[in-house]
Structures are given as C-alpha cells and as structure tokens.
Amino acid sequence: MPPNLRAYLLSALLLLAAAGARRHASPAANASSAGEPVYLWPLPKSVSSGSRTLTVDPDLALDPQGPGGRSLAVAEAFQRYRGLVFAPWAHAARPRGARYDVTRLTVVVNSANDTLALGVDESYAIYVGAAGGVNSIVGGAIIEANTIYGAIRGLETFSQLCVFNYDTKNVEVRNAPWHIQDEPRFAFRGLLLDTSRHYLPVDVIKQVIDSMSFSKLNVLHWHIIDEQSFPLEVPTYPNLWKGSYSKWERYTVEDAHDIVNYAKKRGINVMAEIDVPGHAESWGNGYPKLWPSPNCTEPLDVSSNFTFEVISGILSDMRKIFPFGLFHLGGDEVYTGCWNTTPHVRQWLNERNMTTKDAYKYFVLRAQELAIKLNWTPVNWEETFNSFKENLNPLTVVHNWLGPGVCPKVVAKGFRCIMSNQGVWYLDHLDVPWEDVYSGEPLDGISDRDQQKLVLGGEVCMWGETADTSDVLQTIWPRAAAAAERLWSQLGAITAQDVETTVLSRLHYFRCLLNHRGIAAAPVTNYYARRPPISPGSCFVQ
Amino acid sequence: MALALRLLLAFLVIGSCIAADNIDLWPMPQSVSHGTQKLYIKKDITMSMVGSTYSDEKSILKDAFQRMVDLITLNHVVDGINPSSSVLTCVNIVVHTPEDELSFGADESYNLTVPTTGDPLYAQIEAQTVFGALQALQTFGQLCYFDFTSRLIELNSAPWIITDRPRFPYRGLLIDTARHYLPVKIIKGVIDAMAYSKLNVLHWHIVDEQSFPIEIPSYPKLWNGSYSYSERYTMSDAIDIVRYAEKRGVNVLAEIDVPGHARSWGVGYSSLWPSESCREPLDVSKNFTFEVIDGILSDFSKIFKFKFVHLGGDEVNTSCWTTTPHIEGWLKNNHMNVSDAYRDFVLRSQKIAISHGYDIINWEETFNSFGDKLDPKTVVHNWLGEDVAPKVVAAGHRCIVSNQDKWYLDHLDASWEGFYMNEPLKGINDTKQQQLVIGGEVCMWGEEIDASDIQQTIWPRAAAAAGN
C-alpha cells in the first residue's frame, strides 16, 4: 500500500489502541485520574503518547524562541490559553516552593511574518516530556512552528492536553510523553455567519470567532447583507445602511476592522460577501434607484450604471477593511422576473438582444471584474458555474451548496471549489445530526490528484433566518466540530475510526470542553440540533 | 454575559418603540424625571469618590465602574471626537458608609443625577452603601448608547434625576447544578446577567438526586456522586463563584436539600441510603446521616457567608422509611410515624445549621406539615401555589415567593407577562405581614436545560420578574 496510507493507519491505530483500551463510557466519577483517556479535537496528523502524568505549573511561563516567537500575537495567544487552562484562583492557590514537571512552554516560531492568507503554513509540532525522557534532558513542553499561525494552532492542541486533576487540584498532562506533528488537510476551513437575517452584536461575532479557533476553523465567511437588512456602513454610499433593521443594529467601518483584527489574532481570515444581483433587496432602502421598480425590488437593476457604481463603491470601501485574498460575490438564487416585467429593464435587454439569463451572466461577470481590479479572487455560489461555466472568469472559486457531486464537475473544468453541500453542511438544517455532518467529504468523487488540489476546502453555513443571538452558538456547536475535523484531519485517520464509539466519545469530550470554555454547545446525541437535553444527565453522554 | 445583555437590550428596544416617554430602564427605578438634552460620555470618563466615607480598599467600586465602561463600549469602536460642550467627564460617587461586606438587607438605595450644567460636567451618585452605588452604576449604564453619527457614547434626555430603592431585599434566581452540571464560566455569565436586572440572590441548588457535584472536604467521597470525574466544583471554584457574585452585589444562597432529593449522597456513602434498593430519603435512623449534614454545613460555613442557608425539605416520599426494616424498627422504638420522622429530620437539620451561624430557609412543605414546630426564624420558601404566602406571614414567618405557576422558568409555557404580573404581596393586606415577605425568586430548574440553553431560558422572562 502507498507509504502515506500506511503512516495514516499507523497513527490512527495508535490512537485507536489508546482509546480502545478505554471503551467509551462516561468518564466515571470514581475513576482514578491515571485511568482517564485524553481526547483531542480535531485529530492531529500524527500522535504518539505514553503513560506518564506530568504536572503543569499554574504560573506556566512562555519561553519564546525564533524570529516569530516573540511576536505580540504569540504572547497574546499564550495569555488567552493560560486563562482557558487554569482556573482564576490557580495562581493564588499555588503553594510556595511547589515543584512541577512542566514549568515552561517553549514556543519556537521560525518566521516573524504575520501575514495571514489562505494557505499560510499552519503546521506545528508539540513535544511534552518529562525530565530524563528519551528525547529530552530537561522536562517541559515545546511547540515548534514555521509561522505564528502554526504556533497558535499548536497552542490550541496543547491546551487540550491539559486536564484538571480533582484530587490533587493540579493541572496535568496525562499519557506523556506526547509527540504530535500536525497540519491541516485543507487550507480553507470555513464557517458562514449571516448578519442580515438577524443582526449579531459584535461581541457575539467575537464569541463565534473564539469558538472557531477551538476547533481550528480558519475562515469566517461573513454574509453581511441580504434581502432583509443592510447593517454595514459604506462610507462611499452612506444611505445604504438605512436598510438596517434599526438604528442600533449596525456595524461601523471600525467595528468591521475590529472584527477582522480580532479574528487575525486567532489565525482566522474574514471573507466578506456582497451577494449580487439577487439577495440584495435591502440595498434599495437607501437608494431606491437600485430596485428595478418600487414594487419589484430584486434583483438589482442590471440596466443601470448606478448599480455598478454602488457595487464598485462598496468594494473599494471593503478593500480597506478585508485583506483576505478571496471576496465572495454571491450570485445565487437570482429570480429575474423583475427584469422582464419592468419596462426600462426589459427595453435595455431588448436593445442588447439579451435574455435574462444573459443579463445574469453579464451582471456576475461585470461585478467580478470590479473585484479582480481590486486584487481580489472572486468566489461565487455554484449557480454561476452551472449557468455559464464557459464564461466564468478562470480565477473564480466556485462555492458549492446545492447538493453533492458538484465539486467534481467544477474541478474537472479547472476551477477551484469550496464545498458546502446543503445536505450535510447547512447548520440551519436542524435535522442533520452530527454523524451526517461528519460524513461530508470535499473530495468525494474526485480521484485525480491534480483535481483534488483544486478543492480549497469546505464550509459549514449558519444561515440566520431562524437563528439569532439567543441560540446561534448552540446551533453551530457541536455539529460544526464534525466538519472541522473532516477539514483538518487526515482522511485515513478519519475513516479508520468508529463513528459510534471513538468519534462519539471524542466529540462528547470536545462538546463538554466547549461548555467549560463558556461556549453554549448543544447536546451531541439529540437528533435535532440545538434542542435541550431531554432529561438530567452527564455532559459526556448527552 | 453579553448574550443576556443583548436579550435585555432587545427588550428595551421594543419598549422604546412603544413608550412615548423614552425611559428605557429596566427595572424601572422608583422615581425618574428627565429632560430632553443630549450629552456625550467622555471617551475616558473617570470616577471619583469625593465626599465618600467609603474607601474602596477592595476595589469593588472601581472594578464595577470599569465593568460599566467596558459594557457600554463593548459593541462598537468609540472613536469619535469629543465635542466641546455637553460632555460628561466624570461620575462622582458618594457612599455614606464604609461597609464593604455584602449582607442580607444591605441598603441598595441610591440617587443618580445627570445634570446638564456644570463645568466640568459630572454625574453624581449617592448611596448609603457601595452596593447601592453598584445598582446606580447599572442604571447609569442603561442610559448610555452608541451614537452612529458622532461615534461616541451618548446619554439622552438629560438632565436625569433618579431615586431608587428595591421594593424587596431578596430578589432571587435559582440555578440547579445537580440535574445538569453548569461550568463555572456559565454560572458567572448568569451572575453578570442578574446584576444587569438588579437581582441580588443566587440560590444555588447544588445537589439533588441525580448528582452531587461539590467538594465536601469533611466527607470527601460525597462528590463521587458527581456525573463524571470532571463535572465537579472544588471548594476553590465555589469560593471563586461567591467572590465573583459578591463583587457584583449578588449574594449566594447555598441549598443542601434534605431529607429528600438526596439520593446522590449515597454514591460515596451508601449507608446514607435506607437500603441498596431503596435510596431515598436519607436514613433518618442513623446518627451518621446527621454527622454528614453537620460536615457539609461546617464546610459551607467557610465559603457561603450569606446569613441564610437553604435546607430544602420538599417532596419527601417516606415510603423507603416504612419499608426498610431497620428504619421501621427505629420508628417503632421512638414512637414515631413517618410524619413525625420527617418533622424531626427537618428540625434536627435546622439546629445543626443554626449551630453554624445560619438562619434557615425551607421549602413550604415543612410549613404546611408542621409550621408551628419550625424554628421561628425560618423563612418559608413558597413554591406550590399562590395562596401560601398569606398563611405563612399570618403565622409570623418570613416568606419567599416562587409560586410555580408563574415563576418557574423551566415551565416554558409561562409567559413574560405572567412573570411580570406575579405579585408577591397578593392577598396580604396587613403592612406588618407584608414586611415578612422578604421577596421572591424565579427558579431555573435544570432537568431539561443545560449550559447550551440556560441563558435564553432564564432571559428575558426573569427580567420581567426582576421588574417587580
């Protein structure tokens, strides 16, 4: 068998052996601390562990090394993870003169470059060992990475190695020494958030970003605007946000910058979307000229240059906010009825001998040009590919959503693809249990290696029609974690596990970890998403 | 934390669309008058304590002020330019007593004035205790909004003159960490939200049939009854929660429900069960049972400094006492029936709690069954229905109202209007008796909620009750 597959199986077997020795039961109340398995989510590429337990100093110090080790982002990330791993009282409760096995976390980062972009090196290695161990003279923990963002991924994994011992009241790393080498399978591991169907306060978006970082998701696809509301400030066209639901349910330009910066510190890109020409009814609240007519209010008026001036203005304002190389231009569900029935648009079509389908293509391509001119790569929903693939700009990344089997067609034509097959990865579909989410596979039906490389990754979509601040986090989690592992972990390791035992127990553990970190992840085993627990019980079995 | 605030604000936004008068405060202060002018909050607004007798050594006030500032600037980048006039530069807080230990009945009254004249322009808070000042800061924070034009925090409808005091000293919320374990962070989020609506007692129903999550150093096997090894609270976690709450003016009332609702105790100490096959109530015939209760209350007394402890006493199904031979025998020897034994259990537990310095709260069944035998200082916690409080106060006992038809949050079909309209003093006309009603409590029982949905089950309905 190919050597890679053997390596995958070996590492999967190692983990299975470790996990299998303690088949899934709720971590028993009176199990001794040494009997506790350690769970990591998502599964790293290669893991080896031992059987020693190491204590971790509550005053754990950061030992930064390498050109990037001393960066502010690493220091801040370390502080954040310190706060997640240790209780607020841990420092005060630390006995004087106490000795711990792990007192320092060395973080070696080879590059100081803090540019965050698609495909940035997120690989890392972790070694946690005891003094006198095979590979180390000094006991401690080391994270090594090429970039700051690899180090941040490593910090997340390290934080999951740390568990609290309720008998000794120490934080420990069990089953040491640990040797972990890890990198993601896909560079694009996204979550879509919809702030148009319901406004989400900035602080809530930040909580979502935090939760993404816990499972190593790295692209926040911000579907800012849609039919129902236009919440974002656009300085070039300041009436646009009159389409917000209310005068409080808005984001200023600075708020958007704030969100982008907050995400960047966690190694998360923000991909903004301006969905055109459909899904844009709210634009006309500020500029009614954008509607074909007052009683036929979408799609955007294709016949008017003003429409494209506004799009251009929006894009230039956004270029200053969103540095991510990909920009989403939507293009889905375009109902062109109003173009046909509105006289001046009908006339415009006739003059150019265009059908509404031609006009749709024209609109999308013209918008793409505007984005490309601003040095963006356009992402479009799959209808654009399905309707006029021969004319679609070759730079286009096609975003699948309608169903399975689309990315194979997309990559066969040489386009890059993002998978969001709604049958498994639409989080607003509450009747998709986590096992189905876990089964989504971006490379399904694609066997050619070169074509596989065109699949950038995938994205779970939290459409907002029936989710708001009160329940968005428990609708996203824990199911998004299933996709997060599918996108990060090695395929062989994923398929080598048993879904109903190994994966389930690990997902239970991760869900409880999310709750412990203040993220309202829902019970795992309910069939319908975000439902309450049906009865009293442990987090680990519900 | 921010989740509940957003729900509260959503509530207020709706209110402001309807209210012609622009008073978007919750709960509504006792007396409010305001004007029509707009003020701006200075970007680095400061706090002063000129005229205070209180020294803030524990930083209760400074921390609360910083939290308020962080909260009003939470969701938008405030980068406008301070205008040349109408800028509120400072909040001066005058606290008249040095008291900094939170206690039952602490004076929470305050005056808050926001003038439109003065140079420098500053708001003035006056309170008897720092805990009144904390409430004033909550109200002040609710007057502040982000202005999308000026990119500053604005304060509308000034000048404001607000006088406020709570109608009841006990304004509680029950959380249940036995049916589902609630991580410490989640509990803290609930406490934050309580402070926003001026609720001031967190009734922590820690233990019940299903699980025993808290560490009891005197009897360390008790928390073997937790759901799992990690669904536990150490003593340090409990102290952390109590301190977190105190800094926000929230008392923590611990409950150790006996003799029913205690099946989980036997996981660590099976002799507490009447028998292996009949596991509750706690075995009344053994001294060991009361030694354990004593150990629990002794450990509690080091952490839970609220003057009350809740001893439960509800829904006691005594059949295991009559069907278990050694208990049957004990009852016969002591010439007791099960009602006597229930009564004696409760009274004996009360005495233990009193010996540790506590005043007692018990659920109403104790009063309904043997009210005349209860320690006279017992506060009776009504939950069964709405006709109980009048009887309790007529008998001279203090009362907490939680009638389940209106104030049980786990009843998902109980509307916010019902929460709002529920009146603790209903049916009580005598003023002396009215004073015996120390307040009320909404109850978030945990059978069917957990960390994933507790906040949205509590809010906004609990705020409706808080508005009372």
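None of the values given here were measured: they were computed from a predicted structure.

Right, let's talk about helix α4 (residues 184–196) of chain B for a bit. All names here are of chain B. For α4, which comprises 13 residues, the first-to-last C-alpha distance of 19 Å matches the rise-based estimate of 18 Å (1.5 Å per residue) to within 8%. With 12 of its 13 residues buried, α4 lies for the most part within the structure. Taken together, the buried positions of α4 are occupied by Val 184, Ile 186, Ile 187, Lys 188, Gly 189, Val 190, Ile 191, Asp 192, Ala 193, Met 194, Ala 195 and Tyr 196. Note on α4: the residue one or two positions beyond its end, Lys 198, has a positive phi of about 65°.

Here the focus is the pattern of salt bridges. For the structure on display, the rule yields 52 salt bridges over all chains. Across the pair B:Asp359 and B:Lys307 runs a salt bridge whose closest N-O atoms are separated by 3.6 Å. One end of the pair, B:Asp359, is in strand β13 (residues 359–363); the other, B:Lys307, is in the loop between α6 (287–303) and β12 (308–310), and 52 residues separate them in sequence. Take B:Asp359: its relative accessible area is 9%, and that puts it in the buried class. Here B:Arg398 ties to B:Asp359 by a salt bridge, and the two come within 3.6 Å at their closest N and O atoms. Separated by 39 residues along the polypeptide, B:Arg398 in strand β15 (residues 398–401) and B:Asp359 in strand β13 bring together distant segments of the chain. Overlapping salt bridges bring together A:Asp194, A:Arg197, A:Asp226 and A:Glu465 as one network.

In the numbering used here, UniProt assigns the "domain: Glycoside hydrolase family 20 catalytic" (unreviewed entry) feature to residues 186–490 of chain A. Between the end C-alpha atoms of residues 186–490 of chain A the distance is 9 Å, and the span holds 38% helix and 13% strand.

According to the stated counting rule, one finds four disulfides over all chains in the structure shown. Note that A:Cys296 is cross-linked by a disulfide to A:Cys338, the S-S spacing being 2.0 Å. Looking along the S-S bond of the A:Cys296-A:Cys338 disulfide, the torsion reads about -85°, which is the left-handed sense. Here A:Cys338 lies in helix α8 (residues 337–341) and A:Cys296 lies in the loop between β11 (269–273) and α7 (305–319), a separation of 42 residues in the sequence. Both residues of the pair, A:Cys296 and A:Cys338, count as buried. Disulfide pairing places B:Cys278 opposite B:Cys320 at an S-S distance of 2.0 Å. Residues B:Cys278 and B:Cys320 are joined through a disulfide that is left-handed, its torsion about the S-S bond being -85°. Of this pair, B:Cys278 sits in the loop between β11 (251–255) and α6 while B:Cys320 sits in helix α7 (residues 319–323), and the two are 42 residues apart along the sequence. Shown here for chain A is a disulfide pattern of 1-2, 3-4, 5-6, where each number marks a bonded cysteine counted in sequence order. Looking at the unpaired A:Cys162, the closest cysteine sulfur is the one in A:Cys512, lying at 18 Å. A residue is classified by how much of its surface remains accessible, and A:Cys162, at 12% relative accessible area, is buried.

A few words now on the confidence of the model for chain B. All names here are of chain B. Model confidence for chain B is summarised by a mean pLDDT of 94, while 95% of its residues fall at 70 or above. Low pLDDT (under 50) marks residues 13–20, which in the prediction has four contacts with non-local residues, meaning those over four places away or in another chain. The ipTM, which scores confidence in the relative placement of chains, is 0.93 for this predicted complex, and the corresponding pTM is 0.93.

This part takes up the domain arrangement of chain B. Residue and element names in this part refer to chain B. The domains assigned to chain B are domain 1 (20–164) and domain 2 (170–466). Just the C-alpha atoms count here: the centres of domain 1 and domain 2 sit 36 Å apart. Taken together, the 19 residues of domain 1 in the interface contact 21 residues of domain 2. Considering only the side of domain 1, the residues that lose the most area to domain 2 are Trp 26, Leu 102 and Phe 104, jointly responsible for 41% of the buried surface there. Seen at the junction of domain 1 and domain 2, the total is two salt bridges. Across the contact surface, domain 1 and domain 2 share eight residue pairs in polar contact (both at pLDDT 80 or more). Within the residue set of the side of domain 1 that touches domain 2, elements represented by two or more residues are α2 (60–72) and α3 (130–142). The element contributing the most residues to the side of domain 1 that touches domain 2 is α3, with six residues.

What counts as what
- Residues numbered from 1 in each chain as written.
- Chains lettered and ligands numbered in written order.
- Predicted model: local features only at pLDDT ≥ 70, side-chain atom pairs only at ≥ 80, totals over all residues.
- Heavy atoms only, no water.
- Helix = DSSP H or I, 4+ residues; strand = E, 2+ residues; numbered from the N terminus.
- Expected span 1.5 Å × (residues − 1).
- Buried < 20%, exposed > 50% of the residue type's maximum accessible area, 1.4 Å probe, protein only.
- Salt bridge = Lys/Arg side-chain N within 4 Å of Asp/Glu carboxyl O.
- UniProt positions renumbered as here; feature names shortened; annotations may be inferred.
- Disulfide = S-S within 2.5 Å.
- pLDDT = per-residue confidence, 0-100.
- Contact = heavy atoms within 4.5 Å.
- Domains from an automatic or database assignment.
- Buried area = accessible area lost by both parts, 1.4 Å probe.
- Polar contact = N/O pair within 3.5 Å; in protein donor to acceptor, adjacent residues only side chain to side chain.

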